[in-house]
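Now for the letters of each chain:
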Amino acid sequence: MRSILMSVCLASLFAAALPAACAVSCPVTTETASDARTALLHRDYDKALSLYQAQLAQSPNNRVAIAGEVETLLRQQKIAEALDTAEKGATADPHSAEVLTALVAAQYRAGLPWKAWDTSKTALDADPCYPLIHLWLARQAALRSLYATAAQQARTAHMLDPTNPEIRSEWIQTLPAADRIRELDAYLASPTGDDPDDIRHMQQFLEFLKKSAAEPRKPCHLVSKTTSTQLPFIYLMENASRIRAFGLDVRLNGEK
């Protein structure tokens, strides 16, 4: 099994709240998809759910099956049921990165990003090498407009598991246009478990990227030769002696 030496130090907001370990040796995921996982990727959600539940009937604490059941329920838009399943799993096994990350996904989808953030810290502490926790850190960073951190976390997730479709989809968005076209083409040609509407949107985006790449570049340029100017602010008064704010005196088509 290949392994990579990676940094799990996170910048800005993340650094203050997450574990401080900076370099760990992590295995790269090379696992073969189970029957349940294969059914999920082919959008046979009922079959996938049945198989995961059968696994849990035999082994109630099966971490992979719990995470798989939660993911399947989320794919079926059964958000409340997924959240309940994940919460019960995390209560029974509070140190499982797989189960905790499934809970992060359920909390995020349920509109509880502040809870998802707290759970993410616990999941990362449980296993900084678990690929999917980095995917959800990427999404939460983007939610906070921390786009550089989001891209770094998406790349980390992909390094740890280059085959997971959900991770691949996020990673593709970090690539330059030419690479993005190639990877998105390959992504859409394989079973990913995505909703048909999501696939349609990705196909439309791919066509847009291809069309943009085929067209000649149309650089913008200034029509004016002016290199600098000064615009005086005007006082917006609260009363005779108190300035409320500053503004610009603007005219449009000759009208003030």
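Scope of this entry: the structure provided in the associated data block. Bear in mind that the values here come from a model prediction, so they are computed numbers and not experimental data.

A word on the packing of helix α6 (residues 97-109) against helix α8 (residues 131-143). Where α6 contacts α8, the two axes come as close as 9 Å, and the packing angle between them is 30°. With respect to each other, α6 and α8 are oriented roughly parallel. Read as a crossing pair, α6 and α8 show a hand that is left-handed. Residue-level inspection shows Thr-101, Val-104, Ala-105 and Tyr-108 of α6 in contact with α8, the latter providing Leu-132, Ile-133, Trp-136, Arg-139, Gln-140 and Leu-143.

A few words now on the nonpolar core. Counting 40 residues, the largest nonpolar core has Val-70, Leu-74, Ile-133 and Leu-135 as the members making the most contacts within it. Contributing elements (two or more residues each) for this core: α2 (35-41), α3 (45-58), α4 (63-75), α5 (79-92), α6, α7 (113-126) and α8. Excluding anything up to four places from it in sequence, Ile-133 contacts Thr-101, Val-104, Ser-120, Ala-123, Leu-124 and Asp-127.

This next bit is on the pairing of strand β4 (residues 243-248). Side chains on a regular strand alternate between the two faces of the sheet. Looking at chain direction, strand β3 (residues 233-237) and β4 are connected through five bridges and run antiparallel. Bridge assignment links Met-237 to a residue of β4, and that residue is Ile-243. Linking β3 back to β4 in an antiparallel pair, the connection comprises five residues.

Let us now look at the packing of aromatic side chains. Inspection of every chain in the model, using the stated rule, returns four aromatic pairs. An aromatic cluster is built from Phe-233, Tyr-235 and Phe-246, whose rings are joined through pairwise contacts. Taking NZ or CZ as reference, Arg-139 lies 4.6 Å from the ring centre of Trp-136, over its face. Note that Arg-144 overlies the ring of Trp-117, its terminal NZ or CZ placed 4.9 Å from the centroid.

Cut-offs applied
Residues numbered from 1 in each chain as written. Predicted model: local features only at pLDDT ≥ 70, side-chain atom pairs only at ≥ 80, totals over all residues. Heavy atoms only, no water. Axes fitted to C-alpha atoms, helices over the stretch in contact; angles between N-to-C directions. Helix = DSSP H or I, 4+ residues; strand = E, 2+ residues; numbered from the N terminus. Parallel < 35°, antiparallel > 145°, perpendicular 65-115°, else oblique. Left-handed = near helix turned anticlockwise from the far one by under 90°. Contact = heavy atoms within 4.5 Å. Core = buried A, V, L, I, M, F, W, Y, C linked by side-chain atoms within 4.5 Å. Buried < 20%, exposed > 50% of the residue type's maximum accessible area, 1.4 Å probe, protein only. Pairing = 2+ DSSP bridges. Phe/Tyr/Trp six-rings, centres within 6.5 Å; stacked < 30°, edge-to-face > 60°. Lys NZ or Arg CZ within 6 Å of the ring centre and 35° of its normal.

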